[in-house]
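Spelled out, the chains give:
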Number of protein chains: 2
Amino acid sequence: MKGLLRLLASVALWALAASAQDPLPSWNTGATKARIVRFVAEVTRPGAPHFVPPEQRIAAFDNDGTLWVEQPIYTQFAFTIARVQALAARHPEWKEQQPFQAVLRGDMKALAAGGEREFAQLMMATHAGMDTGEFEGIVTDWIRTAQHPRFHRLYTQCVYQPMLELMAYLRANGFKTYIVSGGGVEFMRPWAGRVYGVPPEQVIGSSIRTRFELRNGRPVLMRLPEVDLIDDKDGKPVGIEKFIGRRPIAAFGNSDGDQQMLEWTAAGPGEHLLLLVHHTDAIREYAYDRGSSVGALDKAWNEARARGWVIVDMKRDWKIIFAN
Amino acid sequence: MKGLLRLLASVALWALAASAQDPLPSWNTGATKARIVRFVAEVTRPGAPHFVPPEQRIAAFDNDGTLWVEQPIYTQFAFTIARVQALAARHPEWKEQQPFQAVLRGDMKALAAGGEREFAQLMMATHAGMDTGEFEGIVTDWIRTAQHPRFHRLYTQCVYQPMLELMAYLRANGFKTYIVSGGGVEFMRPWAGRVYGVPPEQVIGSSIRTRFELRNGRPVLMRLPEVDLIDDKDGKPVGIEKFIGRRPIAAFGNSDGDQQMLEWTAAGPGEHLLLLVHHTDAIREYAYDRGSSVGALDKAWNEARARGWVIVDMKRDWKIIFAN
């Protein structure tokens, strides 16, 4: 008995040590994980042919569908709907006006039928017209309690544990991790530090214009209903160059919106890690790709296969999706 | 004799130790230096009432006239003139066309008489129409040899040694130093790391728009002749919020173009360091303020005096202007 206990203890200790050494414990052993680890070793080992100095180790992560759930609708869209509802009392005209009427009636079909113009209208009505501090407060309040309709947990708990580990692993190896998202930059910054460990200055996203004003002698930045940058598709390399001024050596996405970011990263010198998360797990999360209205993975998938980019099969490659 | 030598040796050692302890050796002892040192102590001492965690220690530095010489014309304007000259052979029409004609004839009066529209024309003709990598190469080549007309040294050697020490001192105390300049972001990034120790992602400046394109299958970002951001005056707080997403606790400028940046910084909670460099030294550098056509210090000076911001008197406060 004593011998058995001793054996069990050593097995437990060995498992503990092994897990302590594994920087990606939520990733199943296999080709995907091996490629990630090999890339990190190649660019960080001094003297290695593809060694990259720490200040050039830039990693760019898409957010929706890459770091957190984007189904059934983008979280920021859920926020927008909540804001329309919250502001409806101040806008009685919205009852008769599309696309607001559709939101207030919960008519998701009419909403989905609306195009980019309708969507932009909703965004501007809910994201502009206040100063940056006020908007940050609104986001912070909402995200503190808002829950995902299927998983019944906070949106900020619907983040992929394997990707959190990957970000932490890269940072532990001298990488600077950036978020490069089509989502609004000021929608992400208030919580990206706490949830992802990414400080506000490393969050790049779509944005609207702001204007400096003195309000009762106090300087504020008013949010204007005018688009500044759409940080999606070919806007992602534009955003990367504008904000970072150097090219990433690793880029992570999940949809056609990330294709140009991966192309831009791939075109730099040296070794790269280009990775797409493929949503293959309808049971633990969602399964979607080519035909999806949210986060379609089609052209980027073709290119990934043609060029040998890493394609993560969520179902096969990830032990867990969310942390408990 | 031996005693005297021993005494001399100890004095020399003491002086050495004192200078090793002085993080700002090019600053004369006095009220200005004392206020800088006191501010840094107040925000970095754990448990102090105004302690600021390292990640929130953001310092914003103007460039022209604050970190390097801006007289008799902005360095980027000298670059623009050199580019017009270099490109003239490809543009025979410029000989008859203002403002190009004025540049090619060296007619500085006609140039100065031209307004913002003429200036924008020169900028777009010389800063757009190539991809970002090409422009970086052009800047890098020019700045490697271009000399200041009065000091006969490289522009990158016309940087203020006391300000370099101040930046290094702040970084040694956990600050993240940013450049927030009216100058072009892609004009500064190629050399800001080497000269100021500021990496590209911490350089904020005026910018033109870029567009992602595939050129012979290779992704490039083409520079378009369209203004994206004028990072000057009330554009500085806009740039700060857009790029950093948090408010600096220290801001450094020298002209009315920096006033709103200092106001924005001053309006945050806690302690701040707000500082204006006043060019008072016609012998070692230049003396100018209210009436200057370049870097006028007028309204910001009034505000600095009314609100007790630090005003650096170059002649009195700085032991040296440039490093040898």
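All of these numbers come straight from a predicted model, not from anything done at the bench.

To continue, consider the side chain of Gln259 of chain A. Locating Gln259 of chain A in the fold gives a position in helix H11 (residues 259-266). The contacts of Gln259 of chain A, once residues within four sequence positions are left out, are Lys299, Ala300, Glu303 and Trp309 of chain A.

The transformation that overlays chain A on chain B combines an axial shift of 0.0 Å with a rotation of 180°, and the residual RMSD is 0.0 Å. Here the symmetry operator amounts to a two-fold rotation axis. Considering only C-alpha atoms, the residue of chain A closest to the rotation axis is Phe243 of chain A, which sits at 3.2 Å. Looking at chain A, 100% of its interface residues are interface residues in chain B too, so the copies touch through the same face.

Turning to the packing of helix H3 (residues 75-87) of chain A against helix H6 (residues 116-127) of chain A, a few remarks are in order. Residues and elements named next belong to chain A. Between H3 and H6, the shortest axis-to-axis distance is 9 Å and the interhelical angle comes to 60°. Seen from above, H3 lies across H6 with left-handed handedness. Facing Gln76, Phe77, Phe79, Thr80, Arg83, Val84 and Leu87 of H3, the residues of H6 in contact are Phe119, Leu122, Met123, Ala125, Thr126 and His127.

On to the interface of chain A and chain B, then. Between chain A and chain B, the contact holds 31 residues from the first and 31 residues from the second. Summed over both sides, the interface between chain A and chain B buries roughly 2,800 Å², with carbon and sulfur atoms accounting for 54% of that surface. Two residues, Arg246 of chain A and Glu201 of chain B, come together in a salt bridge whose shortest N-O distance is 3.0 Å. At the surface where chain A touches chain B, the tally comes to twelve residue pairs in polar contact (both at pLDDT 80 or more). Breaking the side of chain A that touches chain B down by element, the ones donating at least two residues are strand E2 (176-184), helix H9 (185-196), strand E3 (203-215), strand E4 (218-229), helix H10 (235-243) and H11 of chain A. Across the side of chain A that touches chain B, the residue classes tally to 14 nonpolar, five polar and twelve charged.

In total, this model carries 35 aromatic pairs over all chains according to the counting rule given. Taken together, a centroid distance of 4.5 Å and an interplanar angle of 25° make the contact between Trp68 of chain A and Trp191 of chain A stacked. Here Trp68 of chain A is found in the loop between strand E1 (58-61) and H3, whereas its partner Trp191 of chain A is found in helix H9, with 123 residues between them in sequence. Judged by relative accessible area, Trp68 of chain A falls into the buried class, the value being 1%. Trp191 of chain A sits in the buried class, given a relative accessible area of 0%. On the basis of an interplanar angle of 5° and a centroid distance of 4.3 Å, the ring pair of Trp94 of chain B and Phe100 of chain B is categorised as stacked. Side by side, Trp94 of chain B and Phe100 of chain B carry an identical accessibility label, which is buried.

What follows is about the pairing of strand E4 (residues 218-229) of chain B. All names here are of chain B. Two elements, strand E3 (residues 203-215) and E4, share eight bridges in a ladder whose sense is antiparallel. Looking across to E4, one finds that Glu213 is bridged to Val220. Linking E3 to E4, which pair antiparallel, is a turn of two residues; within it Asn216 sits at a positive phi near 50°.

Scanning all chains against the criterion turns up 40 salt bridges over all chains. The salt bridge partner of Asp228 of chain A is Arg209 of chain A, with a shortest N-O separation of 3.3 Å. Separated by 19 residues along the polypeptide, Asp228 of chain A in strand E4 and Arg209 of chain A in strand E3 bring together distant segments of the chain. The exposure class of Arg209 of chain A is partly exposed, given its relative accessible area of 31%. Between Glu226 of chain B and Arg209 of chain B there is a salt bridge; the shortest N-O distance is 4.0 Å. With a gap of 17 residues between them, Glu226 of chain B in strand E4 and Arg209 of chain B in strand E3 connect regions that are remote in the sequence. Salt bridges here are not isolated pairs; linked through shared partners, they connect Asp131, Glu134, Arg215 and Arg218 of chain A.

Attention now goes to the confidence of the model for chain A. When pLDDT is averaged across chain A, the result is 94; 94% of the residues are at 70 or more. In the predicted assembly, ipTM is 0.92 and pTM is 0.93.

What counts, and at which threshold
- Residue positions are given per chain, counting from 1 as you read along its sequence in written order.
- Written order determines the labels here, with chains lettered from A and ligands numbered from 1.
- The predicted nature of this model means local features are confined to residues of pLDDT at least 70 and side-chain atom pairs, given and counted, to a pLDDT of 80 or more, with totals for whole chains, interfaces and linings taken over all residues.
- Calculation of side-chain values draws on the structure's entire complement of heavy atoms; hydrogens and water are dropped beforehand.
- Helix and strand definitions follow DSSP, with helices as H or I runs of at least four residues and strands as E runs of at least two, each counted in order from the N terminus.
- Residue contacts follow a heavy-atom distance rule, with two residues in contact if any of their heavy atoms lie within 4.5 Å.
- Superposing copies: least-squares fit, C-alpha atoms only, residues required to have pLDDT of at least 70 in both.
- Helix axes are fitted to C-alpha atoms over the stretch in contact, other axes to C-alpha atoms as well, and angles between N-to-C directions run from 0 to 180 degrees.
- Here is the rule for handedness: rotate from the far helix to the near one, and if that takes an anticlockwise turn smaller than a right angle the crossing is left-handed, while a clockwise turn gives right-handed.
- Summed over both partners, the accessible surface that disappears when two parts come together, traced with a 1.4 Å probe, is what is meant by buried area.
- Only one rule defines a salt bridge in this text: a Lys or Arg side-chain nitrogen within 4 Å of an Asp or Glu carboxyl oxygen.
- Distance and chemistry together define a polar contact, namely a pair of N or O atoms within 3.5 Å, with one atom able to donate a hydrogen and the other to accept it when in protein, and with adjacent residues in sequence counting only for side-chain atoms on both sides.
- Think of it as three bins: nonpolar holds Ala, Val, Leu, Ile, Met, Phe, Trp, Tyr, Cys and Pro, charged holds Asp, Glu, Lys and Arg, and polar takes everything else, Gly as well.
- Any two rings among Phe, Tyr and Trp, with Trp reduced to its six-membered ring, count as a pair given centres within 6.5 Å; such a pair is stacked if its planes are under 30 degrees apart, edge-to-face if over 60, and tilted if neither.
- With a 1.4 Å probe rolled over the protein chains alone, any residue whose accessible area is under 20% of its type maximum counts as buried; one over 50% counts as exposed, and the rest are partly exposed.
- By definition, two strands form a pair when at least two bridges between them are found by DSSP.
- The quantity called pLDDT is the predictor's confidence in a given residue, expressed from 0 to 100.

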